[in-house]
Amino acid sequence: MGSMSGLYIHIPFCHSKCAYCDFYSIPRRGLTEQFVDALCHELDSRIASWPYDISTVYLGGGTPSSLSDEMLRRITAHLPDCDYEEFTMEVNPEDVTLERARSWMGMGIDRISMGVQSLDDDVLHTIGRRHTAAETIEAYRTLRRAGFTNISLDLIYGLPGQSVEGWRDTLMRILDLHPEHLSAYSLSYEEGTRLNAMRMAGKITETPAETVEEMYVTLTSTARSAGYEHYEISNFALPGRRAVHNSRYWDLTPYLGIGPGAHGWDGTMRFSNIPSVKEYVSGRGIGSRQVEEESNAERFNDLVFTALRTSEGLDLDKTARLFGEKLTDTLIRTARRRHVKAGNVVLTPSRLVIPESRWLISNDIISDFMEV
């Protein structure tokens, strides 16, 4: 065993599919028992040959909390027995009870990420969420009563029917709860989602870009005044409470992906499991993996893309060490030639950083630094 790595486990089941979701997930029917068998089999076989220590675990989805506690216990029993730096599980408000929350804690889970999206019941109904704002707040309080001291809440802005005032109201009520961490995403209409079909059919109207921008500014200023650090485009944390597992995705730390549709990276190879529960079950969890070797340019692009989305930015010394002076010098020249004067980036001898005020257009800026 060598240096640290993360473990991501994908549970693809949901009670129902949200209108905006394009992750691999399916409504929960049949196959769950066989799925858990296959998942445990994949965990055992992949971990046995994984060359790194696992220091963080993330149970994501789908909705892991849609599985019974008995199934979750079976899965967590197959994890290496060690003291994890962070063990997160994603939950939805409708699954939270005091008994279940205590049971999750007993499995070693010490951080909860809960999908809230909005505290406006009309907006929640439009996007197909199964909970109300009141149920969300009650679920949060229940998690606290159970003893969780590290909770992250997920929000989306730019939702159909959402006003800047409504967004501000959701934000203020969420921040009043003092979660340790907040993830807030600008809505994107993904192909194949129900929300995109509704938009194409004229049933809902896309929020204008200027309004989304105003919502972003409201988000950053409100979170800042409540004491949160904006440490990555979509992520805010109280001091010392950044997401350890997710932060490692952004600095090229290897991670093992388990479950249908899960991705992983071992330092040189990207691998992914085919997003199909049927295939996953029939291959007992190990028959559906695709592997793709990454070129130097692709690894460079990965680092640039993820690092420039964070408040720390890109470490130029590390970039030079990993990819050579030549690529790093080209990067610095591009920054000087196109972006420093425009205020799109800040360049110091050791770092290249996109300031928070430019994060909304960061994809356009970052694409200039990519190696083709």
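Higher on the page you've got the structure.
Residues numbered from 1 in each chain as written. Predicted model: local features only at pLDDT ≥ 70, side-chain atom pairs only at ≥ 80, totals over all residues. Heavy atoms only, no water.

**Brief notes about the pattern of salt bridges**
Right, on to step 1. According to the stated counting rule, one finds 18 salt bridges in the structure shown.
Right, on to step 2. For Glu138, the salt bridge goes to Arg145, with nearest N and O atoms at 3.4 Å.
Right, on to step 3. Residue Glu138 is classed as partly exposed on the basis of its relative accessible area of 41%.
Right, on to step 4. Note that Glu232 and Arg309 form a salt bridge whose closest N and O atoms lie 3.4 Å from each other. (Salt bridge = Lys/Arg side-chain N within 4 Å of Asp/Glu carboxyl O. Buried < 20%, exposed > 50% of the residue type's maximum accessible area, 1.4 Å probe, protein only.)

**Considerations on the pairing of strand S11 (residues 255-258)**
Right, on to step 1. Side chains of S11 alternate between two faces, with Tyr255 and Gly257 and Leu256 and Ile258 buried alike.
Right, on to step 2. Bridging between strand S1 (residues 4-11) and S11 involves four bridges; their strand directions are parallel. Looking across to S11, one finds that Tyr8 is bridged to Gly257. (Helix = DSSP H or I, 4+ residues; strand = E, 2+ residues; numbered from the N terminus. Pairing = 2+ DSSP bridges.)

**With respect to the side chain of Ser66**
Right, on to step 1. The topology assignment puts Ser66 in the loop between strand S4 (53-61) and helix H2 (69-76).
Right, on to step 2. We classify Ser66 as buried; its relative accessible area is 5%.
Right, on to step 3. In terms of polar contacts, Ser66 uses its side chain to reach the backbone carbonyl oxygen of Thr63, at 2.7 Å. (Polar contact = N/O pair within 3.5 Å; in protein donor to acceptor, adjacent residues only side chain to side chain.)

**As for the nonpolar core**
General note: in soluble globular proteins, nonpolar side chains tend to be found buried as a group.
Right, on to step 1. Formed by 89 residues in total, the largest nonpolar core has its most connected members in Leu7, Ile9, Trp104 and Met114.
Right, on to step 2. Every residue in contact with Leu7, bar those within four places of it in the chain, is listed here: Leu43, Ile47, Ile54, Thr56, Val57, Tyr58, Leu79, His245, Leu256 and Ile258.
Right, on to step 3. Counting eight residues, the second largest nonpolar core, distinct from the first, contains Ile127, Leu187, Tyr189 and Leu195. (Core = buried A, V, L, I, M, F, W, Y, C linked by side-chain atoms within 4.5 Å. Contact = heavy atoms within 4.5 Å.)

**Description of the packing of helix H1 (residues 32-49) against H2**
Right, on to step 1. Two elements in contact, H1 and H2, have axes whose closest approach is 9 Å; the angle formed by their N-to-C orientations is 15 degrees. When the axis of H1 is compared with that of H2, the two are roughly parallel. Remark: the crossing between H1 and H2 carries right-handed chirality. On the side of H1, the interface is formed by Thr32, Glu33, Val36, Asp37, Leu39, Cys40 and Leu43, while H2 contributes Met71, Arg74 and Ile75. (Axes fitted to C-alpha atoms, helices over the stretch in contact; angles between N-to-C directions. Parallel < 35°, antiparallel > 145°, perpendicular 65-115°, else oblique. Left-handed = near helix turned anticlockwise from the far one by under 90°.)

**What about helix H13 (residues 325-339)?**
Right, on to step 1. Its 15 residues place the ends of H13 20 Å apart at the C-alpha level, agreeing with the 21 Å of an ideal helix rising 1.5 Å per residue.
Right, on to step 2. Looking at H13, one finds that the buried residues are Leu327, Thr328, Leu331, Ile332, Thr334, Ala335 and His339. Projected down its long axis, H13 shows its buried positions confined to an angular sector of 155 degrees, all on one face. Along H13, exposed side chains directed more than 90 degrees from the buried face belong to Glu325, Lys326, Arg336 and Arg337.
Right, on to step 3. Where H13 is buried, its residues meet helix H11 (296-307), strand S15 (314-315), helix H12 (316-323), strand S16 (346-347), strand S17 (351-353) and helix H14 (362-367). (Expected span 1.5 Å × (residues − 1). Arc of directions from axis to C-beta.)

**A few points about the environment of Met370**
Right, on to step 1. Mapped onto the fold, Met370 is located in the segment after H14.
Right, on to step 2. Judged by relative accessible area, which is 24%, Met370 ranks as partly exposed.
Right, on to step 3. Residues Met370 and Asn301 lie 69 residues apart in sequence; the distance between their C-alpha atoms is 5.5 Å.
Right, on to step 4. Setting aside its immediate chain neighbours within four residues, Met370 contacts Asn301 and Phe305.

**Structural notes on the packing of aromatic side chains**
Right, on to step 1. Tallied over the full model, the rule gives 10 aromatic pairs.
Right, on to step 2. For the pair Phe13 and Phe35, a centre-to-centre distance of 5.1 Å together with 90 degrees between the ring planes defines the contact as edge-to-face. Remark: Phe35 occurs in helix H1 and Phe13 occurs in strand S2 (residues 13-14); sequence separation between them is 22 residues.
Right, on to step 3. Through successive ring pairs, a cluster of aromatic residues spans Phe13, Phe35 and Tyr280.
Right, on to step 4. The aromatic ring of Phe271 is capped on one face by Arg289, whose charged end is 3.9 Å from the ring centroid. (Phe/Tyr/Trp six-rings, centres within 6.5 Å; stacked < 30°, edge-to-face > 60°. Lys NZ or Arg CZ within 6 Å of the ring centre and 35° of its normal.)

**Remarks on the environment of Met89**
Right, on to step 1. With respect to the helices and strands, Met89 occurs in strand S5 (residues 86-91).
Right, on to step 2. Residue Met89 is classed as buried on the basis of its relative accessible area, which comes to 0%.
Right, on to step 3. Once the C-alpha coordinates of Met89 and Gly61 are considered, the two residues, 28 residues apart in sequence, prove to be 9.2 Å apart.
Right, on to step 4. When residues no more than four places from it in sequence are discounted, the contact partners of Met89 are Leu59, Pro64, Ser65, Leu72, Trp104, Ile109, Arg111, Ile112 and Ser113.

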